[in-house]
Amino acid sequence: FFQKTLTAIKNWFTLFGWSKGQNPISVPYSLRRDVCKFQMASSQETGFKQNLGKDTKTVYDMVFHLSGQLLPGITSSKSLPLDPVERILQLHWQHSTLLAFLKSQGASLPHVMPEFLLEPDDYKKWIKIQTALKVDGKNSDIVSDKHTFILEDSIFETMSKRAWTDVLLQIYKVFVLTRVSSRNITDQLSLENVQKMPRIKSEPLSSNIYSPYERTILTWLNKHYEKNRKTVWKDCQKGGVPPMRWIVNFDRDLLDGLVLAAQLAAYCPFLIATHFVRMYTNPKSHEQFLHNCLILVNAMHAVSLAIDIKV
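All values derive from a computational prediction rather than experimental measurement.

*Asks:* How would you explain the overall build of the chain if you had to name every residue and give the values?
*Replies:* The helix and strand inventory of the chain stands at 12 helices and three strands. Looking at the chain residue by residue over its 311 residues, the buried ones come to 41%. Accessible surface for the chain amounts to roughly 17700 Å². Of this, 56% is attributable to carbon and sulfur atoms.

*Asks:* Outline unusual backbone geometry, supporting the account with residue identities and numerical values.
*Replies:* Omega for the bond connecting Val27 with Pro28 falls within 30 degrees of zero, at 5 degrees, which places this linkage in the cis form. As for its position among the elements, Pro28 is in the loop between helix H1 (2-16) and helix H2 (29-33). At Lys20, a position not held by glycine, the phi torsion is positive, near 60 degrees. Looking at where Lys20 falls in the secondary structure, it is placed in the loop between H1 and H2.

*Asks:* Provide a residue-level description of the pattern of salt bridges, including the pertinent values.
*Replies:* By the definition in use, this model includes seven salt bridges. Arg32 is the partner of Glu157 in a salt bridge, and the nearest nitrogen-oxygen pair spans 3.1 Å. Remark: Arg32 occurs in helix H2 and Glu157 occurs in helix H6 (residues 153-175); sequence separation between them is 125 residues. You can call Arg32 buried: its relative accessible area is 5%. Across the salt bridge formed by Asp256 and Arg245, the nearest N and O atoms sit 2.7 Å from each other. One end of the pair, Asp256, is in the loop between helix H9 (212-232) and helix H10 (258-267); the other, Arg245, is in the loop between H9 and H10, with 11 residues separating them in the sequence.

*Asks:* Hey, could you go over the side chain of Arg229 for me, with residue numbers and the actual values?
*Replies:* Here Arg229 shows up in helix H9. Exposure remark for Arg229: the relative accessible area of 8% places this residue in the buried category. Every residue in contact with Arg229, bar those within four places of it in the chain, is listed here: Val241, Pro242, Pro243 and Met244.

*Asks:* Any chance you could break down H6 for me, citing the residues and the numbers?
*Replies:* Because the α-helix completes a turn every 3.6 residues, residues three or four places apart line up on one side. Here H6 contains 23 residues, and its C-alpha end-to-end distance of 33 Å stays within 8% of the 33 Å for a straight helix at 1.5 Å per residue. Among all positions of H6, only Phe156, Ser160, Ala163, Trp164, Thr165, Asp166, Val167, Leu168, Gln170, Ile171, Val174 and Phe175 are buried.

*Asks:* Would you mind going over the packing of H1 against H6 in detail, with residue names and values included?
*Replies:* Contact pair H1 / H6: the axes reach a minimum separation of 11 Å and the direction vectors enclose 55 degrees. Classified by the interaxial angle, the pair formed by H1 and H6 is oblique. Considering only the axes of H1 and H6, their crossing is left-handed. Contacts between H1 and H6 involve Phe2, Thr5, Leu6, Ile9, Trp12 and Phe13 on the former and, on the latter, Lys161, Arg162, Thr165, Leu168, Leu169, Ile171 and Tyr172.

*Asks:* For the side chain of Asp253, give the residues involved together with the corresponding values.
*Replies:* In this fold, Asp253 is placed in the loop between H9 and H10. Among the polar contacts listed, one links the side chain of Asp253 to the backbone nitrogen of Val248, at a separation of 2.8 Å. The contact partners of Asp253, leaving out residues within four places of it in the chain, are Arg245, Trp246, Ile247, Val248 and Val259.

*Asks:* Tell me about H10, residues and numbers included.
*Replies:* Taken across its 10 residues, H10 has seven buried, putting it largely inside the fold. Considered for burial, the residues of H10 that qualify are Leu258, Val259, Ala261, Ala262, Gln263, Leu264 and Ala265. On its buried side, H10 packs onto H9, helix H11 (271-274) and helix H12 (286-302).

*Asks:* Describe the nonpolar core, and please don't skip the residues or the numbers.
*Replies:* If you look at the biggest cluster of nonpolar residues, it comprises 32 residues, and the most contacted ones within it are Phe13, Met62, Leu102, Val167, Leu168, Ile171 and Phe175. For this core, the secondary structure elements donating two or more residues are H1, helix H3 (59-67), helix H4 (84-104) and H6. Considering every element that reaches this core, the biggest residue donor is H6, with seven residues. With residues up to four places along the chain from it excluded, the contact list for Phe175 reads Val63, Leu66, Ser67, Phe101, Leu102 and Gln105. Judged by nonpolar contacts, the second largest core, of 26 residues, contains Leu258, Cys268, Ile272 and Phe276.

*Asks:* For a nonpolar patch on the surface, give the residues involved together with the corresponding values.
*Replies:* On the surface, a nonpolar cluster with roughly 250 Å² of combined accessible area is contributed by Leu290, Leu294 and Val311. Locating Val311 in the fold gives a position in the segment after H12.

*Asks:* Please provide a residue-by-residue account of the environment of Met62, values included.
*Replies:* For Met62, the location among the structural elements is in helix H3. Those residues in contact with Met62 that sit more than four places away from it in its chain are Phe13, Gly17, Trp18, Leu31, Leu168 and Ile171.

Criteria and cut-off values
Here the residue index of a chain counts from 1 through its sequence in written order. In keeping with the model being predicted, local features are shown solely for residues with a pLDDT of at least 70 and side-chain atom pairs are shown and tallied solely at 80 or more, while totals for entire chains, interfaces and linings include all residues. To get the side-chain values, take all heavy atoms of the structure and skip hydrogens and water. Where helices and strands are cited, they refer to DSSP runs of H or I of at least four residues and of E of at least two residues respectively, numbered from the N terminus. Any residue under 20% of the maximum accessible area for its type is buried, any over 50% is exposed, and the rest in between are partly exposed; the area is computed with a 1.4 Å probe on protein chains only. What sets the accessible areas is the Shrake-Rupley method with a 1.4 Å probe; for residues, cover comes only from the shown protein chains. A pairing counts as a salt bridge when a side-chain nitrogen of Lys or Arg comes within 4 Å of a carboxyl oxygen of Asp or Glu. Residues are treated as being in contact if the distance between any of their heavy atoms lies within 4.5 Å. By this rule, a helix spans an expected 1.5 Å times one less than how many residues it contains. Lines fitted to the C-alpha atoms define the axes, with helices restricted to the stretch that makes contact. Angles between their N-to-C directions range from 0 to 180 degrees. Angular relationships are summarised with four words: roughly parallel below 35 degrees, roughly antiparallel beyond 145, roughly perpendicular across 65 to 115, and oblique for the angles in between. Less than a right angle of anticlockwise turn of the near helix away from the far helix marks a crossing as left-handed, whereas a clockwise turn marks it as right-handed. Contacts described as polar in this section are N or O atom pairs within 3.5 Å, which, within protein, must combine one atom able to donate a hydrogen with one able to accept it, while residues neighboring in sequence count only if both atoms come from side chains. Among the buried residues, those of types Ala, Val, Leu, Ile, Met, Phe, Trp, Tyr and Cys that are joined through side-chain atoms within 4.5 Å form a nonpolar core. What makes a patch is a set of residues exposed beyond 30% relative accessible area and free of salt bridges, joined within 9 Å when like-charged and within 5 Å when nonpolar (Val, Leu, Ile, Met, Phe, Trp, Tyr).

See the structure below:
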């Protein structure tokens, strides 16, 4: 389950998380690595900056693209110092700033410590610095006031991957999912057939699983499925018109491809005759489910909806 979630996140952020097109990412490796565009070079006479690549895209670029806001004190030209201790402390501060910013936007990340977002070697250096500073009793302003978690290498790698996965999920939640508008919900429910269906409540506390934005999307799915099922499959080659259904989740209710096909047909009706009439409207076997999803993915490719969804 976690691997499927990770793959979906990686695909979405690769395609849509950046300005100026796609940017392949790996979780957590590229996110941990690409934290700055410049680094102070080791010339003692002149402290010039070494360019690590003008095309290097950092997680801060992603946050700016999705939110339109710059993180306090962090700019694209900010460099990391050459001194190892100062470098680790600044990296930790940058990750702390990122987490604080996301939390201020409504992200739920109480379990993610800034040090979990570091590279493994940097994490070891951070532990050494914290241990040394606490033993000396000096520089209390840069010693973490929280408990220092000392993790083994394999456990840290698992923790870091989970931390970055949760950070990306929360970025999606607070900057992308909140764009869903419920302005036209009343219009969407004006159809007589849709009015006969049970309503999905939009009140914030009516579900402990889905947010109001996700329930708005479920309402949209119900509306288009009910509105289009008789039109899309009236001439179906593999069954009659599919029955009415109440779509209340994003996994089991979408498995047979019919609900998503109805959404696509609402915007691209020309796909009905070329693709959707060949779907099974009452699929029973795994083969029939696969058949439907093959047609759905082919239809998406036909309209250049290339979001890398596997059948």
